[in-house]
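Structural overview for review
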Amino acid sequence: MDLDFRQWVLDPNPESDLYWQTWMKNNPGDVHELRLAKELLLKIEFQDSKSGDERYNRVLENVLAGRYSDRGSTAFKRRNILGYTRKYLKVAAVLLLAGFLFIYYYNSDTTFDKQVVTKSEIILKENPAGRKSQVFLPDGTVVWLNSESRVTYVVNIETNKRIVNLVGEAFFDVAKDKDRPFIVKTSNCSIEAIGTQFNVKAYPEDLSHHVSLAEGIVSVLGTDEQEPDGVILKPGESLSVNEQGRKSKTTFNQEVILGWRIGILHFEGASLSEVIHKLERWYGKEFLIEGSSGVGDWSFTSEFHNETLENVLRSMSYAKGFDYQIDDKSVKLIFNEK
């Protein structure tokens with residue numbers, strides 16, 4: 001496509017506009033054809049124009065043959081106008097030809113499959129170790145995302161469901177929409193809600209995934225698509241689902257299960273490996289153990305409210321008898337050999 005012609009049609013300047021206005025005054029018989037070319041470039045459909053196919057074919061023949069008169073220009077010399085006319089009408093010919101092809105195929109008996117392509121956007125939010133965040137989804141749902149956790153959400157208003165995929169732990173305050181259920185999927189289960197609040201703990205190392213309901217009602221299904229009905233939870237109830245889809249319902253302590261959102265770090269009969277893993281995730285540091293062969297059975301129960309790592313380790317070391325060193329990226333726990 002000639003860039004000068006395109007610029008005049010889409011972004012005219014005084015010089016090009018003066019030329020074409022003068023040319024149209026001196027060539028009134030060719031103005032209609034030139035305007036057709038301009039309309040094509042501006043993507044104006046003209047299939048319903050009063051001029052039929054015969055008219056368009058004649059215009060095309062005239063353009064291709066260069067049969068345009070140069071009638072008495074007073075502003076430009078004959079040779080210059082003819083040169084410009086041929087230059088720009090070559091462009092018009094190409095555009096008119098494309099228009100004729102469009103009209104032919106549009107009006108022919110050829111049928112085309114019309115597929116509606118829905119544009120979807122995938123939102124990904126993830127936290128490294130030592131970081132927690134709050135995520136606001138487009139539907140109004142608020143998600144509290146724990147450390148080493150990830151959620152993906154497909155934005156598509158034309159579907160009748162709102163689906164979130166979770167790896168790790170998150171608390172959901174779901175915006176109500178009775179026509180579009182909210183579904184959280186983990187590798188072990190699927191939780192469906194309309195408007196409610198619940199916690200899901202589904203880390204990759206967890207053999208069972210836990211759904212704990214704070215408010216409203218949810219239905220929990222395993223990964224078996226043939227499963228007819230889900231397990232209904234009421235506030236204060238928790239459901240664990242293992243890899244085989246087996247379910248076990250219990251009650252839960254909300255401060256213990258949901259306290260991570262407000263900085264409560266809780267241990268209940270935790271082994272040394274469980275304590276270390278939780279501290280690594282909570283504070284984002286690597287833990288190294290020295291001289292733990294004589295530790296024996298290790299069980300630790302305690303609760304910390306928005307405490308620094310230094311305070312947590314100081315308290316823990318008094319109870320369990322170890323020393324510690326905190327560096328920029330790592331922590332060393334030193335146990336005295338017995």
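This structure is a prediction, so every number in the text was calculated from the model and none was measured.

Secondary-structure assignment places Lys 125 in strand E1 (residues 121-127). In the structure, Lys 125 is positioned ten residues away from Val 135 in sequence and 7.6 Å away in space, judged by C-alpha atoms. Here Lys 125 is in contact with Val 135, Leu 145, Ser 149, Arg 150 and Val 151, once residues within four sequence places are set aside.

This part takes up the pattern of salt bridges. Two side chains that carry opposite charge are able to pair once their charged atoms sit near each other. Here the structure, examined in full by the defined rule, presents seven salt bridges. The residue Arg 314 makes a salt bridge to Glu 310 at a minimum N-O spacing of 3.2 Å. One end of the pair is Arg 314 and the other is Glu 310, both in helix H8 (residues 309-320) and four residues apart, which spans about a single turn. Given the relative accessible area of 32%, Arg 314 is considered partly exposed. Exposure remark for Glu 310: the relative accessible area of 31% places this residue in the partly exposed category. One network of salt bridges, with partners in common, ties together Glu 148, Glu 205 and Arg 281.

Another point: the confidence of the model for the chain. When pLDDT is averaged across the chain, the result is 77; 63% of the residues are at 70 or more. Contacts for the low-pLDDT stretch residues 43-53, under 50 throughout, to residues beyond four places or in other chains number twelve contacts. Across residues 104-118 the pLDDT falls below 50, and counting only partners more than four positions away or on other chains, this stretch makes four contacts in the model.

For the rest of this paragraph, the subject is the side chain of Asn 242. Here Asn 242 lies in strand E12 (residues 237-242). Among the residues examined, Asn 242 registers a relative accessible area of 16% and is labelled buried. A polar atom in the side chain of Asn 242 sits 3.0 Å from the backbone nitrogen of Gln 244. Residues within four places of Asn 242 in sequence aside, it is in contact with Asn 188, Leu 207 and Ser 208.

Taking 1.5 Å per residue, twelve residues should reach 16 Å; H8 reaches 16 Å between its end C-alpha atoms and fits that length. Within H8, the full set of buried residues consists of Leu 309, Val 312, Leu 313, Met 316 and Ser 317. Each buried residue of H8 sits inside an arc of 125° when the element is viewed along its axis, so together they form one side. Exposed side chains of H8 directed beyond 90 degrees from the buried face belong to Tyr 318 and Ala 319. Contacts from the buried residues of H8 go to strand E14 (264-270), helix H7 (272-283), strand E15 (286-290), strand E16 (300-305), strand E17 (322-326) and strand E18 (330-335). Phi turns positive one or two residues past the end of H8, at Gly 321, with a value near 65°.

Conventions and cut-offs
- Residues numbered from 1 in each chain as written.
- Predicted model: local features only at pLDDT ≥ 70, side-chain atom pairs only at ≥ 80, totals over all residues.
- Heavy atoms only, no water.
- Helix = DSSP H or I, 4+ residues; strand = E, 2+ residues; numbered from the N terminus.
- Contact = heavy atoms within 4.5 Å.
- Salt bridge = Lys/Arg side-chain N within 4 Å of Asp/Glu carboxyl O.
- Buried < 20%, exposed > 50% of the residue type's maximum accessible area, 1.4 Å probe, protein only.
- pLDDT = per-residue confidence, 0-100.
- Polar contact = N/O pair within 3.5 Å; in protein donor to acceptor, adjacent residues only side chain to side chain.
- Expected span 1.5 Å × (residues − 1).
- Arc of directions from axis to C-beta.

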